[in-house]
Structure formats: structure tokens, C-alpha cells
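Architecture and fold: a report
What follows is the residue order along each chain.
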Amino acid sequence: MLELGFQGMLPVVESVIDRQQKGELHVSEALDLLLEHEWRYRQERATTTRKLRSRIRKGASLEEYDLTLKRGITKADLRNLSQLEWCDQGKPVIFIGPTGVGKTYLARALGLLACERGKTSLFLAVTDFLENQAIARSTNSYLKFRASLVRPDVLILDDLGMRKFSSQEAEDLRDVIEHRSYGKSTVITTQLPTDHWGEVIGDEIILDALVDRLEPPGLTIKLDGPSYRPELNKEVEKKKAGK
């Protein structure tokens, strides 16, 4: 079986053959059962590979998002996001809010969910985007860099607004978003409302072109409320004390 590449059915093949020989299964039923195990194995392996390649840290899911603290997002909102219509339609999603309200967590959850649904994702902090952009420009490999960001079904750009963009950096960000606007979804997290992006993107023409590709076709979700990080710190301290 291994030589033929049927790793998924290997753990159950003996039991299935035994059941077939005992008359519990018809030959066609036994074959269907083996193929089902193989299909499930390959689907799980493909999902695992997509998650690894996405660079998204594990442990984020929409079901686990804490709604006990009011942050401007509801269970219905999470349910709508989980349907991935925004992804199927290539719409951007922008999470806006202060530190600690779960912007990055939600973005990670969406990216992992997309991987589970057969789509590809890529997580990239905006600071890493800028570092890679600088390297790509200095080595004449910008087109390859852009292609790597345009390829995934979902691109997550985390924490836009941490520093100001140069004109070239802003233009390259606009260029990537422009190429992704044809059927690919971009998820952005930021503390800055879009009408304040001019504080980090000084070129008004580039800024207008960028925002035009993100709003209004995209979904803008504004989060507020207390930071969850003090609660996380308490949990960490409890775990340490319990050791």
C-alpha cells in the first residue's frame, strides 16, 4: 500500500478485508470504505500543509473568540464571517481597533478557517512586508515578491500603521492590493481608521487608490472595549503557579 501511495487506508485495510471475507461487506462496499479513509487522510494532510505554509500561529478560532466583553462584534457577525462569503467573493476585511481587542486573533482565525475549507492563506506582519519589500527592491526581485503575495486566496497584513511608509513602500503596497483585488481577499488589522491612514501614507494619490480598492467593497469591522491582554497575563501566571 505504501509503495502505491495509499497511506490513508493502510491502518484499516486488514479489518476491512476481514469484514468482507466474513460477509459483512460487499466487495464494492469494502472498496468504498477504503477509498473514504484514503480521501479523508489526504484531505487532512492537505489542510495541515496549507496551515503550515500560511505562517499563521495555531490556536485561533472564531468559536473561541471571547464575547463576554463587549467589543463591537456579535455572535451573528462571527457566524457571517465563518461562512467565508467574503473570501469566495474576493472581498477585503479590515479589523480596526485599539491594542488587545482581538484584531490579530480574528484575522488568524479567518486564515486558519480558510485553510480548513480548502483555500490558501498567508500571514505577514506589515513590518515584515516592508522588510521583504526593501530586500526585493534592492535585489531586483520585486515581481517575484509581489507574485508570492498575490498567489494566496487570503493574505493577512497585520498591524498596519506602526510606522510611516515611504512613497515607494506605499506604492508597492497599493500595487499588491491592486493585483489582489481581482478575486483575492486581503485581511488587514490596524489601530487606525481608514480616514487616518494619511498619517502613515503621505502620498494622497496612492492613499486614495489604496483605500478605493479596500472600501467600500470590503468589510470594515470596528472593535473597541477593554484589552484582553491583562486576562491573558492572569492565565499565564495561574499556569506558572500551578507548575
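Before any of the text, the structure's been laid out above.
Residues numbered from 1 in each chain as written. Predicted model: local features only at pLDDT ≥ 70, side-chain atom pairs only at ≥ 80, totals over all residues. Heavy atoms only, no water.

Turning to the environment of leucine 34, a few remarks are in order. Its place among the elements puts leucine 34 in helix α2 (residues 27-54). Given a relative accessible area of 11%, leucine 34 falls into the buried group. (Helix = DSSP H or I, 4+ residues; strand = E, 2+ residues; numbered from the N terminus. Buried < 20%, exposed > 50% of the residue type's maximum accessible area, 1.4 Å probe, protein only.)

Throughout the structure, instances matching the rule amount to 3 aromatic pairs. Seen from their ring centres, tyrosine 65 and tyrosine 105 are 6.2 Å apart, and the 35° between their planes marks the pair as tilted. Placement of the pair is tyrosine 65 in the loop between α2 and α3 (75-82) and tyrosine 105 in helix α5 (residues 103-116), with a sequence separation of 40 residues. Note on tyrosine 142 and phenylalanine 145: the rings are 6.3 Å apart at their centroids and 50° apart in plane angle, and the pair reads as tilted. Taken together, the positions of tyrosine 142 and phenylalanine 145, both in helix α7 (residues 142-150) and 3 residues apart, correspond to about one turn of that helix. Owing to a relative accessible area of 7%, tyrosine 142 belongs among the buried residues under this scheme. Aromatic ring contacts, followed pair by pair, group Phe129, Tyr142 and Phe145 into a single cluster. The side chain of arginine 137 reaches across the aromatic face of tyrosine 142, ending 4.0 Å from its centre. (Phe/Tyr/Trp six-rings, centres within 6.5 Å; stacked < 30°, edge-to-face > 60°. Lys NZ or Arg CZ within 6 Å of the ring centre and 35° of its normal.)

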